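Chain by chain, the residues run as shown.
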Amino acid sequence: MSAAEKPPFEGASTLEGSPPLLHVAIVMDGNGRWAKQRGLPRSLGHRAGVEALKRTVSAAPKLGIGWLTVFGFSTENWSRPAAEVAELMALPKRYFESDIARLEREGVRVRVIGRRAGLSSELVRLVDDAQARTDHNRLFNLNIAFNYGGQADITDAARRFAEEVAAGRRAPQDLDEALFGGFLATAGSPPPDVIVRPSGEQRLSNFLLWEAAYAEFVFQDVLWPDYGEDHLKAALAEFATRDRRYGAVVADDVLAAG
Ligand code: FPP
């Protein structure tokens, strides 16, 4: 399937005749190392990470990106020291307090994907409010994965489908990939075109496991708090060199094979 044949997804508007908007997903990694290099507490690395997120969100729409999904807190991050978990839990508040009015005004639709269980009622209220305020927006989509894990999300989706079957609303034979995708937290967003991981690490860390099926991976040697427009441009330039075949062969090779 070519990029132009991608199925329609709710969420971002594009001009007639312009290339389809991209979905970029980012593992925002390296806050701790950034802080350590400067002799600072890790908490300040995470706060600097919020500033990098702001820079990236404002650069993305200008670069042909319609969806940005960022990994803010994983289901595995609960195993960090309590003080660091508390700091990480405070980041959405820090971000929304400073930016939600601007996001709302600038046409950004914010969704927070991940388990609500475990989050404080104040944080759930904040997240619900950010989503409600921006739900009508269609220019750009920001998905923040928070208390998110790919395996947890697939498990939750399977459980929701099983509940539908148990309630008699679905039959097991109804299930196919498209239907299952609709039960995931990312339902309504296209799959990511490219998954970016700064900080030099080269792994997925339980991010978008189902959705990553045909994503390209770009690894960058920069710590997340230093990330900005130029790094995003470099990631897209690298992505543009990739030949995406979705398991098929290109037309020239079909002819050559005779
Ligand atoms: C991983 O780096 C990063 C995190 C666990 C947190 C990422 C969060 C942000 C960048 C801010 C998010 C903002 C919102 C609104 C949720 P690390 O701390 O594991 O870095 P290290 O590998 O260098 O130790």
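Quick note: structure is the one above.
Attention in this report is confined to the structure presented alongside it. (Residues numbered from 1 in each chain as written. Predicted model: local features only at pLDDT ≥ 70, side-chain atom pairs only at ≥ 80, totals over all residues. Heavy atoms only, no water.)

### A look at the overall build of the protein chain
Then step 1. Scanning the protein chain from N- to C-terminus turns up nine helices and six strands.
Then step 2. In terms of overall size, the protein chain behaves like a compact globule, its C-alpha atoms giving a radius of gyration of 19 Å where 258 residues would be expected to give roughly 18 Å.
Then step 3. Referenced to the eigenvectors of the C-alpha coordinate spread, the extents of the protein chain come out at roughly 65 × 50 × 35 Å.
Then step 4. A total of 258 residues make up the protein chain; the buried ones form 45% of that total.
Then step 5. Intrachain contacts of the protein chain at a sequence separation of at least 6 include 75% that bridge at least 24 residues. (Helix = DSSP H or I, 4+ residues; strand = E, 2+ residues; numbered from the N terminus. Rg over C-alpha atoms; globule rule 2.2 N^0.38 Å. Buried < 20%, exposed > 50% of the residue type's maximum accessible area, 1.4 Å probe, protein only. Contact = heavy atoms within 4.5 Å.)

### Things to note about the site of the ligand
Then step 1. Around the ligand, 20 residues are found, and the nearest of them are Gly32, Arg33, Arg42, His46 and Arg80.
Then step 2. One of the side-chain N or O atoms of arginine 33 is found 2.7 Å from an oxygen atom in the ligand.
Then step 3. A distance of 2.7 Å separates an oxygen atom of the ligand from a polar side-chain atom of arginine 80.
Then step 4. For the shell around the ligand, the secondary-structure elements that each account for two or more residues are α1 (31–37), α2 (42–59) and α4 (91–105).
Then step 5. When residues in the shell around the ligand are grouped by element, the largest group, five residues, is from α2.
Then step 6. Looking at the shell around the ligand residue by residue, the classes come out as nine nonpolar, seven polar and four charged. (Near = heavy atom within 4 Å. Polar contact = N/O pair within 3.5 Å; in protein donor to acceptor, adjacent residues only side chain to side chain. Nonpolar A, V, L, I, M, F, W, Y, C, P; charged D, E, K, R; others polar.)

### Quick look at the sheet that holds strand β6 (residues 216–220)
Then step 1. Ordered by their spatial adjacency, six strands build an open sheet running β3-β4-β2-β1-β5-β6, and the pairing between neighbours is parallel. Whereas interior strands pair on both sides, the edge strands pair on one side only; in this sheet they are β3 (108–113) and β6. Between one strand axis and the next, the sheet turns through 20° on average, direction left out of account.
Then step 2. Examined bridge by bridge, strand β1 (residues 22–27) and strand β2 (residues 65–74) share six bridges and lie parallel to one another. Pairing of histidine 23 across the sheet is with tryptophan 67, part of β2. (Pairing = 2+ DSSP bridges. Axes fitted to C-alpha atoms, helices over the stretch in contact; angles between N-to-C directions.)

### Side note on the pattern of salt bridges
Then step 1. In total, this model carries 26 salt bridges according to the counting rule given.
Then step 2. Two residues, glutamate 164 and arginine 169, come together in a salt bridge whose shortest N-O distance is 3.0 Å.
Then step 3. For aspartate 193, the salt bridge is made with arginine 244, and the minimal N-O distance between the two is 3.0 Å. Placement of the pair is aspartate 193 in the loop between α7 (177–181) and β5 (194–198) and arginine 244 in the loop between α8 (229–240) and α9 (251–257), with a sequence separation of 51 residues.
Then step 4. The exposure class assigned to aspartate 193 is buried, which follows from its relative accessible area of 2%.
Then step 5. Counted as one network, the salt bridges with shared partners bring together Asp29, Arg33, Arg197, Glu201 and Arg203. (Salt bridge = Lys/Arg side-chain N within 4 Å of Asp/Glu carboxyl O.)

### Remarks on α2
Then step 1. Its 18 residues place the ends of α2 26 Å apart at the C-alpha level, agreeing with the 26 Å of an ideal helix rising 1.5 Å per residue.
Then step 2. Within the span of α2, buried status applies to Gly45, His46, Ala48, Gly49, Val50, Ala52, Leu53, Lys54, Thr56, Val57 and Ala59. (Expected span 1.5 Å × (residues − 1).)

### With respect to the nonpolar core
Then step 1. By size, the foremost hydrophobic cluster in this structure holds 43 residues, and its most contacted members are Val24, Ile26, Tyr95, Leu142 and Ile144.
Then step 2. By size, the runner-up hydrophobic cluster in this structure holds 12 residues, among which are Phe71, Ile195, Phe207 and Ala215. (Core = buried A, V, L, I, M, F, W, Y, C linked by side-chain atoms within 4.5 Å.)

### What about the environment of arginine 38?
Then step 1. Its place among the elements puts arginine 38 in the loop between α1 and α2.
Then step 2. For arginine 38, a relative accessible area of 40% corresponds to the partly exposed category.
Then step 3. Looking at arginine 38, its side chain comes within polar contact range of the main-chain oxygen of tryptophan 34, at 3.0 Å.

### Focus: the pairing of β2
For a regular strand, side chains alternate in direction, first toward one face of the sheet and then toward the other.
Then step 1. Counted residue by residue, β2 has nine buried out of 10 residues, so it is predominantly covered.
Then step 2. Where β2 meets strand β4 (residues 140–148), seven bridges bridge the pair, whose relative direction is parallel. When the sheet's bridge partners are listed, serine 74 is paired in β4 with tyrosine 148.

### Some remarks on the packing of aromatic side chains
Then step 1. Enumeration according to the criterion identifies 11 aromatic pairs in this entry.
Then step 2. Ring centres of tyrosine 148 and phenylalanine 207 lie 6.3 Å apart, and the angle between their planes is 90°; this geometry places the pair in the edge-to-face category. In this pair, tyrosine 148 sits in strand β4 while phenylalanine 207 sits in the loop between β5 and β6, placing the two residues 59 residues apart along the sequence. Like phenylalanine 207, tyrosine 148 is buried.
Then step 3. An aromatic cluster of at least three residues, connected via ring pairs, comprises Phe71, Tyr148 and Phe207. (Phe/Tyr/Trp six-rings, centres within 6.5 Å; stacked < 30°, edge-to-face > 60°.)

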